[in-house]
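# Chains, contacts and geometry: an overview
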There are 2 protein chains.
Amino acid sequence: MIDAAWLPARAWRAIGSRRIRVTGHGLLVDTVVDELRQACARFGGEVVRGTGGDPCDLEMSLGGDGSLGGEGYELSGDETCTVLRAGQPHGLLYGLFHLLRSDDSPATGVFRPAVPRRMLDHWDNVDVHPVMGQVERGYAGGSLFWRAGEPRRDLARVTAYARLLAACGINAVALNNVNVHATEARLLTDRLGEVAELAGVFRHYGIRTHLAVSFAAPVLHGMSTADPLDRRVRAWWESTTVDVYATIPDFGGYLVKADSEGQPGPFTYGRSHADGANMLADALARHGGVVHWRAFVYNHRQDWRDRGVDRARAAHDHFTPHDGTFRDNVVLQVKHGPLDFQAREPVSPLIAAMPDTRIGVEFQVTQEYTGQQRHVCYLAPMWSELLRGAHGPAVADSAAEFVAVANVGDDPFWTGHPLAQANLYAFGRLAWEPGLDPAALLDEWAGLTFPGAPRRLHDALHAIMDDSWRTYERYTAPLGVGFMVRPGHHYGPDVDGYEYTPWGTYHHADRDGVGVDRTVATGTGCAGLYPKPWAKIYESPDECPDELALFFHHLPYQHVLSSGVTVIQHIYDTHFAGAREAAEMRERWAGLAGTVPPAKYERVRELLDEQVRSAEEWRDQVNTYFFRKSGVPDARGRRIY
Amino acid sequence: MIDAAWLPARAWRAIGSRRIRVTGHGLLVDTVVDELRQACARFGGEVVRGTGGDPCDLEMSLGGDGSLGGEGYELSGDETCTVLRAGQPHGLLYGLFHLLRSDDSPATGVFRPAVPRRMLDHWDNVDVHPVMGQVERGYAGGSLFWRAGEPRRDLARVTAYARLLAACGINAVALNNVNVHATEARLLTDRLGEVAELAGVFRHYGIRTHLAVSFAAPVLHGMSTADPLDRRVRAWWESTTVDVYATIPDFGGYLVKADSEGQPGPFTYGRSHADGANMLADALARHGGVVHWRAFVYNHRQDWRDRGVDRARAAHDHFTPHDGTFRDNVVLQVKHGPLDFQAREPVSPLIAAMPDTRIGVEFQVTQEYTGQQRHVCYLAPMWSELLRGAHGPAVADSAAEFVAVANVGDDPFWTGHPLAQANLYAFGRLAWEPGLDPAALLDEWAGLTFPGAPRRLHDALHAIMDDSWRTYERYTAPLGVGFMVRPGHHYGPDVDGYEYTPWGTYHHADRDGVGVDRTVATGTGCAGLYPKPWAKIYESPDECPDELALFFHHLPYQHVLSSGVTVIQHIYDTHFAGAREAAEMRERWAGLAGTVPPAKYERVRELLDEQVRSAEEWRDQVNTYFFRKSGVPDARGRRIY
């Protein structure tokens, strides 16, 4: 039994009991009609197509002056009849889901997405990778698309998935892992049929399919070089791309992780990232495809002894010289932070630094560093802060599109942790409208997911989830310093786990203080890469937001933060508080027995046990580590081991 | 091309040019004759069998009064004729290899092994284990016996291996990993034919074959329980063992890791280790087989917060209550140290604490914690110290037999690092005669391995290898505190890698000091488990040998060691010294080009590059870690990062 997530049958009651007219034609209009017919069959309503006939209480039609764009729609009408009008079929589809989530009190107005592409990147492998498994950083079982090297062909499941994505506004997916291994490189060629089959499903929900490709694909297919300026290489990509579009006419494009963490790239041939990306862009342009070129480029063989090298600068330093040189159909895909999806980081300095480049900002819905879907960690508040610019330049001001790494798998609840469904939902909605309030999104998601649930369930979900990201932050790495996770799998604490490694993720704790000096005055200069006023704010230990204090500064344990407490006391206080909050989450959930389906209740209950255990482990390891180093006792005399 | 190791053809020159008479019959006499005939065919000598005929210059015969035992031999004679006499064919075989290594100046006298069984445990898997690979803790390629689930059937290679083992005195092997997975559990039953085939090869060199078995084997074969007191379980083992001996009449017995690191055992059924071991012993007794029951039992889910639990006590506390209750054909197999094959540990307190139990002491020839056959680390000096009792009770006084975990694989040099061959050779020789001098053993090994090599090669090997274990100790964990390795693979430094884990291997470093308080007065009491005078010596921080100072004591960084330097300065001094010595090894080896075969020279050269790199990494991580914690600068002002 697969969980219905935010599309349970019961959520369709209001719509399904109406008399509905749909005017217009096309694949997506058919999808809309099919959805409505299923709902009406269940709840007694009726769907009619075409103009004329008896009056309806929901009218859906195509038309208008084009101002609605490709995906926008307008809602109007009165108490007797709701009118949904869209310029294109996509708009009808999104309008339908709008009505669904607004239940019987739909807003009126014009609705358009903030950005034209809202994309999910799957990190699914075709073969089971010996270390990473079927899904890299996947915490929800196997892939929806492949199992042990073979396509799963569970198209009903993929259809259900495509519906869920459309219902939160996603319109693009990349199917496979950005670390493209040999088998996966064949998806572009010999195994294109598997891609076409999946693309056929996603197409029905307005979602275009993209592929992660290896920059070395020509070599993997027998050529002697992958030099992007080599005529034969360009011809190979052009002809390969022609074949792709012959098979998948609405194919989205290529996603590339090049010259990053061992993946091949143009550096091998002495070429630039722009050379590499533009070659692929040229092959895709006439078909309407795009290149997503990841900016996650840094030296992963750094010498920890060398404090002059700063991974947080790397993407900025690699890419800003190329601003304005990328083709129009290249999207530079930048992780939201300068390191790697930590629970707290500043915004990446690259995002605001390339005004003449199309920037796609990448979030991570899969909770690699935020509890791996064993911990409740509602990420919308974090994304919202970044989008709005709570502690730095607003991401929404610079982003031309939004991308996220997916968190689903073949788990019956889709996301492993049932409450992690909210992260996927919220990402889609924020990508459509970055100004949405995370608490309101939680209401939306909970309203759809638990239709008819008692008020106390909604109250409890807010109590558990609203602040859960900050709770997670409290019991893990303090004050923006990041990491402190077990190397490799990245779950659970290991304060020095990455401290003496080549990965560039350090905290520099010694007996006197902790944090990375990234100031211009005495550090790596990373603070100076930000626009006004942030460069100045970050540079000063007194003005820098507490949240990022140890990201930008190496501070003595006795340094007093803006909050009025010392760094060391902040570490103790937040770690005791975070673990206590996790225990409170568990207590609250225990009171919900009977209000959510038993299997879902039980899954969350078990996971909360693990979260409490893990939060206590984090608390004790981090507190002990810093007590042993600093020698400063907790001002409140609590137990530190 | 497989390296000849310590049996190159040229080593047979002196013997192969003689006229030799062999008297006696039996499988091993035939082996001796075959060896001699091959040597004589190459070097012009002659082998005759039976009594009478022309005088010979080497006479080998069976006979005597039985005082030589099953494996002993007597060498006598004069300059014209050497006489080798043995009570049993085994003695002729060992006498032959004695003559080989003594070249043309054989000692005279009577030679018998110190213990009747000198065993190698292979940790080979039949299937490739997803984490551990084909050989657990194997650093020399794949298994000699299996590849990817199938028998290799490379019997020529196994024959060459058996010769090498016999030539250093080994007379027993366990073929498979003590962590017995499902496939490997079938070696005892369905796949016994594979074992028989290998046993047939080893038999020709006087080596008996043992199997590691799962205590849960009855359950894996379909029964509902493995309770050692259950009549049906006992019957299953009895009948299974009858089948084993019907197929392999000289089968050695079972090796069992039970109730250890997740392996099944008698605890599941509320039974004791004695119950479990004795059940197997009863099944084996009438066939002449033995049980090797490993004492490596501890809580591997320990809470690091709880300083009252001490893994170093665990084996002692588990097993001493059962002294005198094991059957005569049970060997309790005890790792030499109380933790796990660290470069420096005290002797296990269990070894001298069970006078009424047959103790097999287990060493680790494979260099899991001593450089993984990428570092030169000649282990004979460490084993010799333990056997003699340099810093604790003498192992040789309590051990009834010696066992070691093997270090070979399908690597062309057998052991990955060509110089690691010396460890395998030396283990066999020390097991035969624990009082042998490690430097003399190095001469023996080098003389056989590099016949006719110039004096400067031998000098250089001594300079590189004699002190290499202490060099390794210097640049790794200090003063007996142990571990500080990367979790999982155990290669390279990670000072806090195991500090906050459930594995029981801690150093307790804080800003004031480091080490584990294992005293009776204020610590875990482990020091008190030793016999006189060691309990008292270990208890006192002033009397405790420096080598073990941090194993038994938590000491301030400014504590002055017996050597006259402080703990912190000792850490700095030894780490700078150890890394420098590694660099000196590399320089010495560079001077040997042309004196060793090019492939072997080149392999060692490459590995020394890695050793120097790794030693510097150890030096810098350990020094930086303790400088950051202690704040004490190096008295000599050297670079600490």
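Residues numbered from 1 in each chain as written. Chains lettered and ligands numbered in written order. Predicted model: local features only at pLDDT ≥ 70, side-chain atom pairs only at ≥ 80, totals over all residues. Heavy atoms only, no water.

As annotated in an unreviewed UniProt entry, chain A carries the name Xylan alpha-(1->2)-glucuronosidase and comes from Paractinoplanes tereljensis.

### Notes on the overall build of chain A
Scanning chain A for helices and strands turns up 20 helices and 19 strands. Projected onto its principal axes, the C-alpha coordinates of chain A cover approximately 80 × 65 × 45 Å. Taking all 641 residues of chain A together, 63% fall into the buried category. Across chain A, the fraction of contacts at a sequence separation of at least 24, relative to all contacts at a separation of at least 6, is 71%. About 21,800 Å² of surface is accessible on chain A, with carbon and sulfur atoms providing 50% of the total. When the 64 basic and 81 acidic side-chain charges of chain A are each reduced to a single mean position, those positions are 2 Å apart. (Helix = DSSP H or I, 4+ residues; strand = E, 2+ residues; numbered from the N terminus. Buried < 20%, exposed > 50% of the residue type's maximum accessible area, 1.4 Å probe, protein only. Contact = heavy atoms within 4.5 Å. Areas by Shrake-Rupley, 256 points an atom, 1.4 Å probe, with all protein chains shown as cover. Lys, Arg positive; Asp, Glu negative; His and termini not counted. Charge placed at Lys NZ, Arg CZ, Asp CG, Glu CD.)

### A word on the pattern of salt bridges
Residues and elements named next belong to chain A. Applying the stated criterion to the full structure yields 100 salt bridges over all chains. Residue R85 pairs with E74 through a salt bridge whose shortest N-O separation is 2.6 Å. In this pair, R85 sits in strand 5 (residues 82-86) while E74 sits in strand 4 (residues 73-77), placing the two residues 11 residues apart along the sequence. Residue D573 is joined to R638 by a salt bridge in which the shortest nitrogen-to-oxygen separation is 2.6 Å. Note that D573 is positioned in helix 19 (residues 567-590) and R638 in the segment after helix 20 (598-630), a separation of 65 residues in sequence. In this structure, a network of salt bridges that share partners links the residues R344, E385, D467, R470, E473, R474 and E581. (Salt bridge = Lys/Arg side-chain N within 4 Å of Asp/Glu carboxyl O.)

### A word on the domain arrangement of chain A
All names here are of chain A. Domain boundaries assigned for chain A yield domain 1 (9-111), domain 2 (118-449) and domain 3 (473-516 + 554-630). Each partner contributes residues to the interface: domain 2 has 32 residues there, and domain 3 has 30 residues. Between domain 2 and domain 3, roughly 2,700 Å² of surface is buried when both sides are summed, and carbon and sulfur atoms account for 59% of that area. Looking only at domain 2, the three residues that lose the most surface to domain 3 are W304, R374 and H375, adding up to 24% of its buried area. For the pair domain 2 and domain 3, the number of links is 3 salt bridges. Notably, a salt bridge pairs R374 with E610, separated by 4.0 Å at the nearest N-O pair. Applying the counting criterion to the domain 2 and domain 3 interface returns 16 residue pairs in polar contact (both at pLDDT 80 or more). Taken together, the residues that form the side of domain 2 that touches domain 3 break down as 9 nonpolar, 12 polar and 11 charged. (Domains from an automatic or database assignment. Buried area = accessible area lost by both parts, 1.4 Å probe. Polar contact = N/O pair within 3.5 Å; in protein donor to acceptor, adjacent residues only side chain to side chain. Nonpolar A, V, L, I, M, F, W, Y, C, P; charged D, E, K, R; others polar.)

### A few points about the pairing of strand 4 (residues 73-77) of chain B
All names here are of chain B. Bridge count between strand 4 and strand 5 (residues 82-86): 5 bridges; the pairing is antiparallel. Bridge pairing links E74 to R85 in strand 5. Count of turn residues in the strand 4/strand 5 antiparallel hairpin: 4 residues. Two strands pair when backbone bridges link them, and strand 4 and strand 6 (residues 109-111) are joined in this way by 3 bridges, in the antiparallel orientation. (Pairing = 2+ DSSP bridges.)

### Observations regarding the UniProt feature "domain: Glycosyl hydrolase family 67 catalytic" (unreviewed entry) in chain A
Within the UniProt annotation, "domain: Glycosyl hydrolase family 67 catalytic" (unreviewed entry) is assigned to residues 111-388 of chain A. Taken end to end, residues 111-388 of chain A comprises 29% helix and 18% strand; its first and last C-alpha atoms sit 20 Å apart. (UniProt positions renumbered as here; feature names shortened; annotations may be inferred.)

### Details of the UniProt feature "domain: Glycosyl hydrolase family 67 C-terminal" (unreviewed entry) in chain A
UniProt's feature table lists "domain: Glycosyl hydrolase family 67 C-terminal" (unreviewed entry) at residues 415-638 of chain A, given in the numbering used throughout. Helix makes up 49% of residues 415-638 of chain A and strand 2%. Its end C-alpha atoms lie 37 Å apart.

### A look at the environment of L27(A)
Residues and elements named next belong to chain A. For L27, the location among the structural elements is in helix 2 (residues 27-43). Since its relative accessible area comes to 35%, L27 is described here as partly exposed. Once the C-alpha coordinates of L27 and G206 are considered, the two residues, 179 residues apart in sequence, prove to be 8.9 Å apart. Residues within four places of L27 in sequence aside, it is in contact with R203 and H204.

### A look at the packing of helix 14 (residues 438-449) of chain A against helix 15 (residues 455-465) of chain A
Residue and element names in this part refer to chain A. Two elements in contact, helix 14 and helix 15, have axes separated by 11 Å at closest approach and are oriented at 135°. The orientation of helix 14 with respect to helix 15, classified from their angle, is oblique. When you trace helix 14 past helix 15, the crossing you get is right-handed. Contacts from A439, L442, D443, W445, A446 and G447 of helix 14 reach helix 15 at H458, L461, H462 and M465. (Axes fitted to C-alpha atoms, helices over the stretch in contact; angles between N-to-C directions. Parallel < 35°, antiparallel > 145°, perpendicular 65-115°, else oblique. Left-handed = near helix turned anticlockwise from the far one by under 90°.)

### Remarks on the interface of chain B and chain A
The interface is formed by 26 residues belonging to chain B together with 27 residues belonging to chain A. Both faces considered, chain B and chain A share a buried interface measuring about 2,400 Å² in area, 44% of it formed by carbon and sulfur atoms. Considering only the side of chain B, the residues that lose the most area to chain A are Y500(B), R511(B) and R628(B), jointly responsible for 34% of the buried surface there. In this structure, the connection of chain B to chain A is made through 6 salt bridges. Residue R628(A) is joined to E499(B) by a salt bridge in which the shortest nitrogen-to-oxygen separation is 2.9 Å. On inspection of chain B and its partner chain A, the count reaches 23 residue pairs in polar contact (both at pLDDT 80 or more). Grouping the amino acids of the side of chain B that touches chain A by side-chain chemistry returns 6 nonpolar, 7 polar and 13 charged.

### Things to note about the packing of helix 3 (residues 89-102) of chain A against helix 4 (residues 155-168) of chain A
Residue and element names in this part refer to chain A. It is at 8 Å that the axes of helix 3 and helix 4 come closest, and there the two elements cross at 80°. Taken together, the axis directions place helix 3 and helix 4 in an arrangement best described as roughly perpendicular. Together, L93, Y94, F97 and R101 of helix 3 and R163, A166 and A167 of helix 4 make up the contact between the two elements.

### Some thoughts on the sheet that holds strand 6 of chain B
Residues and elements named next belong to chain B. Reading across from one edge, 2-1-3-5-4-6 is the order of the 6 strands in this open sheet, with mixed pairing throughout. Either end of the sheet is taken by a strand with one partner, and the two such strands are strand 2 (46-49) and strand 6. In this sheet, adjacent strand axes meet at a mean angle of 15° when their direction is disregarded. One ladder, built from 3 bridges, connects strand 1 (residues 19-22) with strand 3 (residues 58-62); its direction is parallel. By the bridge assignment, V22 is partnered in strand 3 with M60. The strands touched by helix 2 (residues 27-43) within the sheet are strand 1, strand 2 and strand 3, with strand 2 carrying the most contacts at an inclination of about 155°.

### Considerations on helix 11 (residues 380-388) of chain B
All names here are of chain B. The element helix 11 is largely enclosed, with a buried count of 8 among its 9 residues. All of the buried residues along helix 11 are A380, P381, M382, W383, S384, E385, L386 and L387. Where helix 11 is buried, its residues meet strand 16 (359-364), helix 12 (395-398), strand 17 (401-405), helix 13 (421-432), helix 14 (438-449) and helix 16 (468-475). Just downstream of helix 11 lies G389, where phi reads positive at about 85°.

### Regarding the relation of the copies chain B and chain A
Mapping chain B onto chain A calls for a rotation angle of 180° and an axial translation of 0.0 Å; the resulting RMSD is 0.0 Å. Accordingly, the operation relating the two chain copies is best matched by a two-fold axis. For chain B, the minimum C-alpha distance to the rotation axis belongs to K629(B) and amounts to 2.9 Å. (Least-squares fit on C-alpha atoms with pLDDT ≥ 70 in both.)

### Side note on the packing of aromatic side chains
All names here are of chain A. Within this structure, the stated rule accounts for 66 aromatic pairs over all chains. Through a chain of ring-to-ring contacts, the aromatic side chains of F145, W146, Y161, F202 and W414 assemble into a single cluster. Above the face of the F296 ring, K335 is positioned so that its terminal group lies 3.4 Å from the ring centre. (Phe/Tyr/Trp six-rings, centres within 6.5 Å; stacked < 30°, edge-to-face > 60°. Lys NZ or Arg CZ within 6 Å of the ring centre and 35° of its normal.)

### Let's talk about the state of the cysteines
The full count for this structure, using the stated rule, is 0 disulfides over all chains. Free of any disulfide, C56(A) has its nearest cysteine sulfur in C81(A), 7.3 Å distant. Classification of C56(A) by relative accessible area gives buried; the value is 7%. You can see C526(B) has no disulfide; the closest cysteine sulfur is in C544(B), sitting 11 Å from it. (Disulfide = S-S within 2.5 Å.)

### A short note on the sheet that holds strand 1 (residues 19-22) of chain A
All names here are of chain A. Reading across from one edge, 2-1-3-5-4-6 is the order of the 6 strands in this open sheet, with mixed pairing throughout. Lying at the two open borders of the sheet, with one neighbouring strand each, are strand 2 (46-49) and strand 6 (109-111). Within the sheet, the average angular offset between the axes of one strand and its neighbour, ignoring direction, is 15°. Each of strand 1, strand 2 and strand 3 (58-62) touches helix 2; the most contacted strand, strand 2, lies at about 155° to it.

### A word on the side chain of R511(B)
Note on placement: R511(B) falls in the loop between helix 16 and strand 18 (513-514). A distance of 2.8 Å separates a polar side-chain atom of R511(B) from the backbone oxygen of K629(A). Other than its neighbours up to four places away in sequence, R511(B) contacts R511(A), R628(A), K629(A), S630(A), G631(A), Y557(B), K629(B) and S630(B).

### Regarding the pairing of strand 12 (residues 208-212) of chain B
Residue and element names in this part refer to chain B. A large share of strand 12 lies buried, amounting to 4 of its 5 residues. Pairing of strand 11 (residues 172-176) with strand 12, which is carried by 3 bridges, proceeds in the parallel orientation. Directly across from A172, in strand 12, lies its bridge partner R208. Where strand 12 lies against strand 13 (residues 253-256), 3 bridges are found, and the strand directions are parallel. Of the residues in strand 13, the one forming a bridge with H210 is G253.

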